Each structure stands twice: as C-alpha cells, then as structure tokens.
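If you want the building blocks of each chain, they are given just below.
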Amino acid sequence: MENNRNYIVAIVLSVIILFGWQYFYMNPKLEAQRQQEAARQVTQDASAPATQGTTAQAPGSLPGAGTVATGDVGRDKAIAATSRVEIDTPDLSGSINLKGARFDDLKLKKYRETVEKDSPIITLLNPAETADGYFTELGYIGANGLPGPATDWKVDGNSKLTPATPVKLTYTSPDGITFVRTVSVDDKYMFTISDAVTNSGTAAATVAGYGRVTRYKEPEVPSTYVLHEGFIGWIGSNGLAEEKYKASKDKPLTYDQTTGGWLGMTDKYWATTIVPPQDVAYDARFTHFDHGQPRFQADYKTAGVAIAPGETKTFRNLVFAGAKEVPVVDGYAKDDSWFGRLSASIAGEKTVKSFEIPRFDLLIDWGWFYFFTKPMFKLMDFFFKYFGNFGLAILATTIVIKALFFPLAAKQYASMANMKKVQPKMEELKVKHGDDRMALQQATMQLYKEEKINPVAGCWPVLLQIPVFFSLYKVIYITIEMRQAPFFGWIRDLSAPDPTSFVNLFGLLPFEAPHFLHLGVWPLIMGVTMFLQMRMNPTPPDPAQAMIFTWMPVVFTFMLGSFPAGLVIYWAWNNTLSIIQQSIIMKRHGVKIELFNNLKGLFGRKPQS
C-alpha cells in the first residue's frame, strides 16, 4: 500500500509536468515575440511610406457596406489627412475620424510596450489607410444616402471629446433624414453613441443600424490553450461566443435574430467591442474577407425600424475600446448568475458606473473554473491595495491558501508521521511473511486499521493543489493588473520569467543565455525549497521511486525557469511554508525529522566496502 501511495504521487507529479510542458513552456517565448512585434509595429507606423491607398467594395448585406481603404500609408499621415475630433481622457488619447465617424485612432496612456519608462504607449486602434488597420464604426443602411463609412459628419459646437464635454455630430441624407449623433465618454474606456434620427421628409423611412469592428491583420503570435484571443461576444440567447480568427476563414459565423448582448475582438490585455441597442433584434456575424483589403470583422445589423414623417427616434450604442481592467470590466457588466450576485454582494459598490451590459465580465477569460480563478484574483487585489505590491500580495495569498488547506495538510503530515512510527512493525511483517505478497498486504491493511492510518491521505493535498496552481497561473497570465507589475530587485514584471540566468552568472557576463538553459535566481530558490521539502521524508527504498524522489526538484526547476516569476515566487514560498508546517506537525507527533539525515546521507562520504 505504501508503494501504491508513492506511485500515485509520482503519477500526479508526472501529469503536472506533462500539462505544464504542453500548455506553459512556450508562453514566455511567445510573449517576447509579441513585444518584439509591437515594437516593430511602432517603428513601421513612424516610417511607412506615404503611398496612396485604393479602395475596395465591402459587402452590403451586412455592415461593411461602402469602401474599405487599402494601402500602406504611415499612421501619422493617415490621421493628418482627415478631419477629426480629439479624444482626451485620463486613460485615452486619440481622435475620431469625421469620415464615417470612425474610431480609428486610440492610444492607452497608462500602458507602455515594455517596462522601460521611455517605451511607447500602447496603440490600440489604427486608421484604415495603414497596413495595420484596426477600427470600429457605427452607421445605417436601408434608405438612400444613410450615414456609412464614407459619410462626412459635421461637428456642431465643441470639438474635443472629454469625460466632461461630449461632442455633437450632424448629418442629413438626401431624403431629408437628419442624424444628430452625441458621443460621450467616461473616464475609462466606454463610449456612448446616441443617435437622434428625425425624418424631415414627406415619406416614411426604414433604417437599420449596423456596427462593426474591423481588423486587417491577425496577431502574429499564436493564441494558447490558456487564453482566448480572437472574436468574442455575449450574443443574446446564444450566450458566450468565442471563436479563433482562423475559424472565420472557412465560412462566416452567424447568429440570427437575437436581442441584447455585445460582440467584438479581444487580445490578451486589450479589447474592442460594440454593444447594440438592447431592445432591437439584430443579426451578428464573425467573418473574414479576402477580396480587396483582407480583413477580419465582427459586425451586427439591426432589424429595420420605420420612422414616419416628422418623427424622431433615438438609438443608443456603446463602444468599449481599452484595457481589460478587472474592476472596470466588472463595473460595466450585468451578471445575473449566482456567482455574479454573490460576488456583487461581497464586493459592495462597483468602482465605475455600470452600463448593465449582459455578462460583460466574460470579456476577461477566467476559464471554466472562473468561480475559483476570479476569487483568487479578488483576494490578491485586496492584498495589493493594502501592500501596494503584487509580489507581496502573492505571498499573502499563499498564506491564506495554506490556512484554508491546513486541516487537510495536517492530516497528510500526521498520516506520514504515523507511517514512520509503524515502520519497525512494517519491517517485522516483511520478515514474517517473506515472499507471500497476499499475506503481507492483508497484514499491512490490518496494521493500518489498528493504528488508524490512511495510507493515501497524503495524496489529497497534492491533488487539491493542482487547481490552485493552475488558477494562480491563469490569474498571473491573463490579468492586466499583473502585466509589468514589479516585485523587488531584478523582478520588474511578475507576468514574465525571471530575467536572470546562471549561465551568464546572473548578468555579470556580457552575453545572453540560450533559451533552453535559461534558469534564473527565483527558479533556483524554488528548486532548493522543493528539494528540502522532499528531503523531509525518508528516501523510498525502491530504486525507481528513489530516482523520481531525487530528480523531481531538478526537473521542476528547469521547467519553471520559463514560467512567470510570480508563479515561481508563489511555489517557492509555498514550499517554505510547507517545510515549516511539516516540521511543527512531525515534532508534535514525536517523529524524527529526516531532513538532516537525508542531506548527510546524500552529500556525506560513502563508507568504503
């Protein structure tokens, strides 16, 4: 039975390695590539040649009717070539293109490409005339000359959009339909677009609204299993829709005649989404166009609404374009699930004005176990507000997790202590029964029963640590709050691997370490703590198990060398707490701690035969 227990532990650890290698090993490398691509994009935007773009017709049955510019015009030149309304908020800078009233110039003031202070701020949206076009617009189809991509809107009054000063745009169609568009923005990332549509003509008119988010290029860094990047939306009765960009290349992904919700595109840390009028039915679509300018598009078209002569109707749309900050996204959301109601009651008042957008909180990919992952972030965020450092918040969260698992851990260590107490009796049974394995097993079970020992009790804490580990990894990997969050010393980004390496003596030698040999200070600390924790117990007598016992810390050390530093710090601190906890429990049970004997036996001089 003891062997079975050891085999189970070995299997669990092997599964951790396999999953870790498959899902996580390449992520830091991919993230580095992403940053390189972002830096390249900034350079390209500044130096792209000012070539004149051409236009290509977009389909007219759903939004996208009109023209889509192509070419490779520099970003600054493209912006200067059109009339615009400036955007200036605490978190955003940019402008609205008056041709099409298009949001195609947006930067995020609080976020930079790298941890360097002089690094460029993040650029989210780009004009259609650039090679990296990424924009969103709202318009109408149906009657003659309704506002679309090529419409020239006029500014009425204030020409600078701030949280305190909305802007008003106007347009009148050839048929006498007047559109007065009021654009407002909060102090974060939500734009409100309210259109008052007045039929000043002599005949009834039917208008159908549309909205689209268009992106020319698929991100060059592939998505991972850990995180969804691509099309996303909560599309009425269809619920959550998450689709990779490549899925739209085969055929459009359509959702017909639904009401309520939102849709758009999401990256790891940023997103652009549109929220249609919640009381009007609409058709939604995720698609890819390869004619003219190749592009991905998330769009919707509402059902036609009749407007009688002299009548005015108002349509309200929302556009979210910015960083996926947890409290902000949650503040915009309406979550009617049991978990959402519970979270709201615990959190109290929201930090931003709620727009009551159905399940907008799912814009952040918490995964299937969101009921475990999200509370873990909330706990870490609570400690961050107290300590002002996410590294310290991770340490404090680890203590809370250890406290929650203390009853199980106490049973585990108590069972291991009792197993050591009965070790002499186990040896006597082996001598007594010899090669009679059946009799030995029965006698062993009887001994466990008499001594009230559960030989597999030690496996449960290990199994329960697995969801904790993956949930913490998810939190560190997906939340923008962890992006470029410093700890102390050389750790300037908890979401990135430890930048040091033993190969170049942790930066003392003037060369970069090969990726496969990259092993920083914190992974080494983690490996040492794991080694010491495992040496708290006797070395298994079986050679195969002893080999696993010896090499497991080494394997984990190299594997975690490419993990986010925040996760490695958690593991090292968790190991340290486990050593302290196990030592106290073993002393209480009068069991000798094997650590020093094991170390002496491992590193001491072997007796000569």
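Keep in mind that this is a model prediction, so the values were computed, not measured.

Section: unusual backbone geometry
The backbone of Gln 257 shows a phi angle near 45°, a positive value even though the residue is not glycine. Mapping Gln 257 onto the fold places it in strand E16 (residues 253-258). Exposure remark for Gln 257: the relative accessible area of 53% places this residue in the exposed category. A positive phi is found at Arg 359, a non-glycine position, where the angle reads about 50°. Examined against the element boundaries, Arg 359 turns out to sit in the loop between strand E24 (357-358) and helix H7 (370-387). You can call Arg 359 buried: its relative accessible area is 13%.

Quick word on the pattern of salt bridges
A complete count under the given rule lists 23 salt bridges for this structure. The partner of Lys 110 in a salt bridge is Glu 325, and the shortest N-O contact between them spans 3.2 Å. One end of the pair, Lys 110, is in strand E5 (residues 102-112); the other, Glu 325, is in the loop between strand E22 (312-323) and helix H5 (326-332), with 215 residues separating them in the sequence. Put simply, Asp 330, Arg 359, Asp 361, Lys 374 and Lys 378 are held in one network by salt bridges that share partners.

Topic: the side chain of Arg 102
Checked against the element boundaries, Arg 102 lands in strand E5. Residue classification places Arg 102 among the buried residues on the basis of a relative accessible area of 7%. Of note is the side chain of Arg 102, whose polar atom sits 2.8 Å from the side chain of Glu 137.

Looking at the packing of helix H8 (residues 390-404) against helix H15 (residues 565-588)
Contact pair H8 / H15: the axes reach a minimum separation of 9 Å and the direction vectors enclose 45°. Comparing the axis directions of H8 and H15 gives the class oblique. For H8 against H15, the interelement crossing comes out right-handed. Contacts between H8 and H15 involve Ile 394, Leu 395, Thr 398, Ile 399 and Lys 402 from the first element and Gly 566, Ile 569, Tyr 570, Trp 573, Asn 574, Leu 577, Ser 578 and Gln 581 from the second.

Brief notes about helix H13 (residues 521-534)
Given a rise of 1.5 Å per residue, 14 residues ought to cover 20 Å, and the 20 Å separating the end C-alpha atoms of H13 matches this to within 8%. Of the residues making up H13, those classed as buried are Trp 522, Pro 523, Met 526, Gly 527, Thr 529, Met 530, Phe 531, Gln 533 and Met 534.

Brief notes about the environment of Ala 164
Position of Ala 164 relative to the elements: it lies in the loop between strand E9 (160-161) and strand E10 (167-172). Among the residues examined, Ala 164 registers a relative accessible area of 68% and is labelled exposed.

Here's the deal with the sheet that holds strand E15 (residues 240-243)
Strand pairs in the sheet, formed through backbone hydrogen bonds, run parallel or antiparallel to each other. Pairing is antiparallel in the open sheet, where nine strands are placed in the order E8-E10-E11-E12-E22-E18-E17-E14-E15. Two strands in the sheet have a free side with no partner beyond their single neighbour: strand E8 (154-155) and E15. The pairing of strand E12 (residues 190-199) with E22 spans nine bridges and is classified as antiparallel. Residue pairing in the sheet places Thr 198 in a bridge with Thr 312 of E22.

Examining the environment of Pro 90
Of note, Pro 90 is situated in the loop between strand E3 (84-88) and strand E4 (92-97). Residues Pro 90 and Leu 108, spaced 18 residues apart in sequence, show a C-alpha to C-alpha distance of 9.3 Å. Discounting residues that sit within four places of it in the chain, Pro 90 has contacts with Lys 109, Pro 163 and Asp 187.

Some details on the confidence of the model for the protein
Looking at the protein as a whole, its pLDDT mean stands at 79, while 72% of the residues score no less than 70. Here residues 1-8 is a poorly scored stretch, pLDDT under 50, and it has 15 contacts once near neighbours within four places are set aside; other chains count. Confidence drops under a pLDDT of 50 for residues 25-60, and excluding neighbours within four residues, the segment shows 77 contacts in the predicted structure.

Overview of a nonpolar patch on the surface
There is a patch of nonpolar side chains on the surface, built from Phe 502, Leu 524, Met 547, Trp 551, Val 554, Val 555 and Phe 558 and spanning about 620 Å² of accessible area. Mapping Trp 551 onto the fold places it in helix H14 (residues 543-559). With a relative accessible area of 51%, Trp 551 lands in the exposed category.

Conventions we followed
- Residues numbered from 1 in each chain as written.
- Predicted model: local features only at pLDDT ≥ 70, side-chain atom pairs only at ≥ 80, totals over all residues.
- Heavy atoms only, no water.
- Helix = DSSP H or I, 4+ residues; strand = E, 2+ residues; numbered from the N terminus.
- Buried < 20%, exposed > 50% of the residue type's maximum accessible area, 1.4 Å probe, protein only.
- Salt bridge = Lys/Arg side-chain N within 4 Å of Asp/Glu carboxyl O.
- Polar contact = N/O pair within 3.5 Å; in protein donor to acceptor, adjacent residues only side chain to side chain.
- Axes fitted to C-alpha atoms, helices over the stretch in contact; angles between N-to-C directions.
- Parallel < 35°, antiparallel > 145°, perpendicular 65-115°, else oblique.
- Left-handed = near helix turned anticlockwise from the far one by under 90°.
- Contact = heavy atoms within 4.5 Å.
- Expected span 1.5 Å × (residues − 1).
- Pairing = 2+ DSSP bridges.
- pLDDT = per-residue confidence, 0-100.
- Patch = residues over 30% accessible without salt bridge, like charges linked within 9 Å, V, L, I, M, F, W, Y side chains within 5 Å.
- Areas by Shrake-Rupley, 256 points an atom, 1.4 Å probe, with all protein chains shown as cover.

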